[in-house]
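Topology and contacts: notes
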Amino acid sequence: MDDVVDLVRRSLSGESDAEFRERIAEQADQLRDAIEAGTFDNEDFAVGLEVEVYAIDAEPEPATDDDGEDEPDEATLDADLSGGSGGDLGSLEPAEDAADDSFESDEDDGADEPYMDPADWEGRLAELPESIFGTAAAKELGVHNAEINTDPDVLGPTGLAVQTTSTEMRIKKARDAAREENRELVLDAMWTIPPAAGSVSYLSDVEERDGFVFAENMRQDPRYVALDNEALGHAGGEIDFSVPGASHSFPTILFESLTASIQPHLQIPDSDAFPAYYNAAIRTLGPMVALTANSPLLPADMYDAVEDPRALLEDTHHELRIAAFEQSVNTSENPKVRVPSDIETTTEVVDRVVEDDLFAPFLREWIEDGTRSGLHDTYWEFDHKRGTYWRWLRCVIGGDPVDGAGDERSLRIEYRPIPTQPTVADTIAVQVLTAGLLRGLVVADHPLAELPWQDAEASFYSAAREGPDADLAWVTADGQRTTDHDAIYDEVFEYARRGLASQDVPESQIDEMLAPIERRRALGTTPSQWKLDRVGEYLSEHDLPDAICEAQRDYYELSREHDTFADWL
């Protein structure tokens, strides 16, 4: 721990800020020159995926004692919290180390059967053991959370099939590893069953060491600790969090780890075309969030200002993840988590990182030995700062080589606002829809980019609040402004299909891969709306906290029993 304190002190002392900024400036100049020279151009489009999950206990509750009250074993209920928002603060392990496919998968590719009898299960959050990391998953901000990554593949019929298989196998492998330690991994965007210690207590559990705050339930990685202390410093020592029905102040950013997201990546092979894809992507944020919303409720014991539970169900945001992440780290003068503005040239993605507020700088030699080699080492400090450029859409410069689509010198869009979906098939459908839509809009020269940026931003935040009932804004293929959901989603799916077809994906494969989300759209609901409706049903017999917990257990059971969310409607 002394090493962690030393690194945090060096990061936050200010003594190395000038050196860090100088390296950033030099590396940014090199990157601009390389982009303009076409060095980051590639052979084809490619896709990848990040999936965040959280852990719950998988041990039956102990028997009831003589006076009828449960007396949980402390080890069983020593629950920890969920994390993410989106790899929002970044995983601790390199993507290529997060998982491998060197195991035999089950012949049945469908959903796993429930692991235990729900009657014996409370579903409290639990810390993930070290044994699941390295080969099955990567670490995340909270000790209860993990990230599962796929290697990138060409955007095409074979590549999408590989992405599907890889996602299924890696999630299965991580789940199998977690089960060895009596844990279950949940595909969900926000945990809602409180840990045994209580949610606010758990999120506020900190101690001071040598003048720095250490959150007990946060990974004790020096980067996370430094970011935490940086954000706290800007906020004056406490960070406020307020959403309908709940208002709290926390001595750490750890409440960001309430959230979990999926993040599709799309590699753009032509750097000159990058702005067209990036600007189009900004205008898809609202419709995509409205279609995928999945985090309408906080942990049940965090509500402290609810007089009318049914009114809360009407007032709550469908995507509380957005508020949680923004409020946890937007403590400096210039908010770091927001919808990015348009770009005119590709090199502006470099400028944005350079100009962003500096949080917790590190120099490579503090944590890595040896001479620099390879793309990552060459731009190490720039990449470190890019990791704190937390816009809802951002460019990643460099990555893994993709057979048939280029080497590690690449430009890709990281699409960040989508919540973790209930099943693997739902997750893949969202990945395919996102990649196909961006490709289709640009290849067809769709005029969506004519939608004013302010309207795209308003559409996004309306989707976060209202989910499927959001006030969405769109420009149709014939240049007409519309807010009609049918017209918008007709084009969303039409141009996703066009984009996939332009990459030689056959119609039958497109139908199969998009079906989970198209069925959801046809049914007119989202996971967030299902959760709210389910809680509403339980309110006839339960108080709000119990209703939330019962609905969450139903979500877990149904997500494991069915291949897609639409199947359980």
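Residues numbered from 1 in each chain as written. Predicted model: local features only at pLDDT ≥ 70, side-chain atom pairs only at ≥ 80, totals over all residues. Heavy atoms only, no water.

The protein chain is annotated in an unreviewed UniProt entry as Glutamate--cysteine ligase from Halomicrobium mukohataei.

1. Thoughts on the overall build of the protein chain
Tallying secondary structure elements over the protein chain gives 18 helices and 14 strands in all. Residues classed as buried in the protein chain amount to 60% of the 569 residues present. Accessible surface, the protein chain: about 21,000 Å² in total, of which carbon and sulfur atoms supply 42%. (Helix = DSSP H or I, 4+ residues; strand = E, 2+ residues; numbered from the N terminus. Buried < 20%, exposed > 50% of the residue type's maximum accessible area, 1.4 Å probe, protein only. Areas by Shrake-Rupley, 256 points an atom, 1.4 Å probe, with all protein chains shown as cover.)

2. Notes on the nonpolar core
Ranked by size, the top nonpolar core spans 159 residues in total, and within it Leu-298 and Ile-397 carry the most contacts. If one sorts the elements of this core by residue count, helix H6 (residues 274-292) sits on top with eleven residues. Contacts of Ile-397, omitting those with residues within four sequence positions, involve Leu-31, Ile-35, Phe-40, Val-349, Val-350, Phe-382, Ser-410 and Leu-411. Judged by nonpolar contacts, the second largest core, of five residues, contains Trp-530, Tyr-555, Phe-565 and Trp-568. (Core = buried A, V, L, I, M, F, W, Y, C linked by side-chain atoms within 4.5 Å. Contact = heavy atoms within 4.5 Å.)

3. Regarding the pattern of salt bridges
According to the stated counting rule, one finds 39 salt bridges in the structure shown. Here Glu-414 and Arg-394 are joined by a salt bridge, their closest N and O atoms 2.4 Å apart. Here Glu-414 is found in strand S12 (residues 411-415), whereas its partner Arg-394 is found in strand S11 (residues 393-397), with 20 residues between them in sequence. With a relative accessible area of 3%, Glu-414 lands in the buried category. Between Asp-426 and Arg-520 there is a salt bridge whose closest N-O contact spans 3.6 Å. Linking Asp-426 in helix H13 (residues 424-443) with Arg-520 in helix H16 (residues 507-523), this pair joins segments that are 94 residues apart in sequence. With respect to class, Asp-426 is no different from Arg-520; both count as buried. One continuous salt-bridge network, built from bridges that share partners, spans Glu-19, Arg-23, Glu-365, Arg-372 and Glu-381. (Salt bridge = Lys/Arg side-chain N within 4 Å of Asp/Glu carboxyl O.)

4. Things to note about helix H2 (residues 17-36)
Taking 1.5 Å of rise per residue, the 20 residues of H2 would be expected to cover 28 Å, and the 28 Å separating its terminal C-alpha atoms lies within 8% of that figure. Regarding H2, the residues found buried are Phe-20, Arg-23, Ile-24, Gln-27, Ala-28, Leu-31, Ala-34 and Ile-35. For H2, the angular spread of buried residues about the axis comes to 140°, placing them on one side. In this structure, H2 carries Ala-18, Asp-33 and Glu-36 as exposed residues pointing more than 90 degrees from its buried face. Looking at the packing, one finds that the buried side of H2 touches helix H9 (348-355), helix H10 (364-367), helix H11 (374-378), helix H12 (380-386), S11 and S12. Within two residues after H2, Gly-38 carries a phi angle of roughly 85°, on the positive side. (Expected span 1.5 Å × (residues − 1). Arc of directions from axis to C-beta.)

5. Let's talk about the packing of aromatic side chains
A full pass over the atoms with the stated rule returns 14 aromatic pairs. Among the aromatic side chains, those forming a connected cluster through ring pairs are Phe-325, Phe-359, Trp-390, Trp-392, Phe-460 and Tyr-461. One residue, Lys-531, lies across the ring of Tyr-555, its end atom 4.4 Å from the ring centre. (Phe/Tyr/Trp six-rings, centres within 6.5 Å; stacked < 30°, edge-to-face > 60°. Lys NZ or Arg CZ within 6 Å of the ring centre and 35° of its normal.)

6. Re the environment of Ser-166
Summarising the element assignment, Ser-166 is placed in helix H3 (residues 157-179). Residue class for Ser-166 comes out buried when judged on its relative accessible area of 5%. Taking the C-alpha atoms as reference points, Ser-166 and Asp-151, 15 residues apart in sequence, are found 8.2 Å from one another.

7. Observations regarding the pairing of strand S6 (residues 206-209)
In this structure, S6 lies alongside strand S7 (residues 212-215), joined through four bridges in antiparallel fashion. Note that in S7 the partner of Glu-207 across the bridge is Phe-214. Following S6, the chain reverses through two residues before pairing antiparallel with S7; Asp-210 in that reversal takes a positive phi of roughly 55°. (Pairing = 2+ DSSP bridges.)

8. Considering the environment of Gln-529
Mapping Gln-529 onto the fold places it in helix H17 (residues 527-538). Distance from Gln-529 to Ser-295, taken between C-alpha atoms, is 9.4 Å for residues 234 residues apart in sequence. Residues contacting Gln-529, with those up to four places away along its chain left out, are His-318 and Pro-468.

9. Points about the side chain of Thr-564
Along the chain, Thr-564 turns up in the segment after helix H18 (544-561). When its relative accessible area of 7% is taken as the criterion, Thr-564 is described as buried. Residues in contact with Thr-564, not counting those within four places in the same chain, are Thr-423, Ala-425, Asp-426, Pro-516 and Arg-519.

10. A short note on unusual backbone geometry
Excluding glycine, a negative phi dihedral is what most residues carry, and trans is how most peptide bonds are arranged. One non-glycine residue, Ala-360, lies in the positive phi region at around 50°. Mapped onto the fold, Ala-360 is located in the loop between H9 and H10. You can call Ala-360 buried: its relative accessible area is 1%. Despite not being glycine, Asp-504 has its phi angle at roughly 70°, a positive value. Structurally, Asp-504 is set in the loop between helix H15 (485-502) and H16.

11. Some remarks on the packing of H13 against H16
Viewed as axis vectors pointing N to C, H13 and H16 meet at an angle of 95°, and their least axial separation amounts to 7 Å. Looking at the two axes, H13 sits roughly perpendicular to H16. Contact residues: H13 offers Ala-425, Asp-426, Ile-428, Ala-429, Val-430, Val-432 and Leu-433, while H16 offers Met-513, Leu-514, Pro-516, Ile-517 and Arg-520. (Axes fitted to C-alpha atoms, helices over the stretch in contact; angles between N-to-C directions. Parallel < 35°, antiparallel > 145°, perpendicular 65-115°, else oblique.)

12. Examining a negative patch on the surface
A surface patch of like charges, here negative, comprises Asp-2, Asp-3, Glu-208 and Asp-210. When you line up the elements, Asp-210 lands in the loop between S6 and S7. The class of Asp-210 is exposed, set by a relative accessible area of 55%. (Patch = residues over 30% accessible without salt bridge, like charges linked within 9 Å, V, L, I, M, F, W, Y side chains within 5 Å. Lys, Arg positive; Asp, Glu negative; His and termini not counted. Charge placed at Lys NZ, Arg CZ, Asp CG, Glu CD.)

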